[in-house]
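Report on the structure
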Amino acid sequence: MYRYLLVICCLGFGSSILANPANQVTDNALYREIRKADSLLFDAMNRQYLETGMSFFDKDLEFYHDKGGLDNYVQTKVKPAALFQNNRNNNFRRTLVAVSLEVYPIPGYGAIESCLHCFCHLENGKDDCGSFKNVMVWKKTDQGWKVTRVLSYDH
């Protein structure tokens, strides 16, 4: 039941994007690679596999958050660890609003991912969800895709 509510919540927040076809991206190889990397990153974080999730972040990470300020790699690792500890039993999770995903190439470097994503957790036995804007800069490395910059805003 909660997955159904989550889908409705996330689609509702993404409906304005559906109304503007100019925001849609074509399904090309770069788009699929970034979508897969995003999926693997947040699958690990949703399962609270911190080390696996952090393996997607570059050691020179800059994470800008409109409520929390600027964090580096170490600070970005400490915050989810505390979040996982404090939310072990409330089904805290992130879901990409799929229709919002946009991917733009950065020649010779990687890609920019822009999207909406929903964060949900159980509160008083019900899903409490919010949708927020997110931009990630991905760098193509010999070890795979790494996030070097994050802009998380509109909270």
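Because the structure is a prediction, the values reported are computed rather than measured.

Before going further, it helps to examine the side chain of S100. For S100, the location among the structural elements is in the loop between β3 (93-96) and β4 (102-106). Within the structure, S100 has its side chain in polar contact with the backbone oxygen of V97 (distance 2.6 Å).

This next bit is on the layout of surface pockets. For the largest pocket, the calculated volume is near 640 Å³. Lining the largest pocket are 23 residues, and of these F63, H65, P80, L83 and F119 lie nearest its centre. Taken together, the elements giving at least two residues each to the lining of the largest pocket come down to α2 (29-46), β1 (57-65), α4 (73-86), β5 (110-123), β6 (126-141) and β7 (144-153). Element by element, the count of residues in the lining of the largest pocket is highest for α4, at 5 residues. Partitioning the lining of the largest pocket into residue classes produces 12 nonpolar, 8 polar and 3 charged.

With that settled, consider the environment of K77. Topologically, K77 is positioned in helix α4. The exposure class assigned to K77 is partly exposed, which follows from its relative accessible area of 25%. Distance from K77 to M54, taken between C-alpha atoms, is 6.8 Å for residues 23 residues apart in sequence. In this structure, K77 is in contact with L50, E51 and M54, ignoring residues within four places of it in sequence.

Tallied over the entire structure, the rule returns 1 disulfide. C120 shares a disulfide with C129; S-S distance 2.0 Å. Its S-S torsion of approximately 115 degrees makes the covalent link between C120 and C129 right-handed.

Here α2 contains 18 residues, and its C-alpha end-to-end distance of 25 Å stays within 8% of the 26 Å for a straight helix at 1.5 Å per residue. Those residues of α2 lying buried are Y31, I34, A37, D38, L41, F42, A44 and M45. The N-cap of α2, judged by a side-chain oxygen 3.1 Å from the amide nitrogen of L30 a few residues on, is N28. Q48 lies just past α2 and shows a positive phi near 65 degrees.

Calculation notes
- Residues numbered from 1 in each chain as written.
- Predicted model: local features only at pLDDT ≥ 70, side-chain atom pairs only at ≥ 80, totals over all residues.
- Heavy atoms only, no water.
- Helix = DSSP H or I, 4+ residues; strand = E, 2+ residues; numbered from the N terminus.
- Polar contact = N/O pair within 3.5 Å; in protein donor to acceptor, adjacent residues only side chain to side chain.
- 1 Å grid on protein atoms, 1.4 Å probe; cavity = no way out; pocket = protein on both sides within 12 Å on 5 of 7 lines; lining within 4 Å.
- Points joined across faces, edges and corners; volume = space filled by probe spheres on them.
- Nonpolar A, V, L, I, M, F, W, Y, C, P; charged D, E, K, R; others polar.
- Buried < 20%, exposed > 50% of the residue type's maximum accessible area, 1.4 Å probe, protein only.
- Contact = heavy atoms within 4.5 Å.
- Disulfide = S-S within 2.5 Å.
- Expected span 1.5 Å × (residues − 1).

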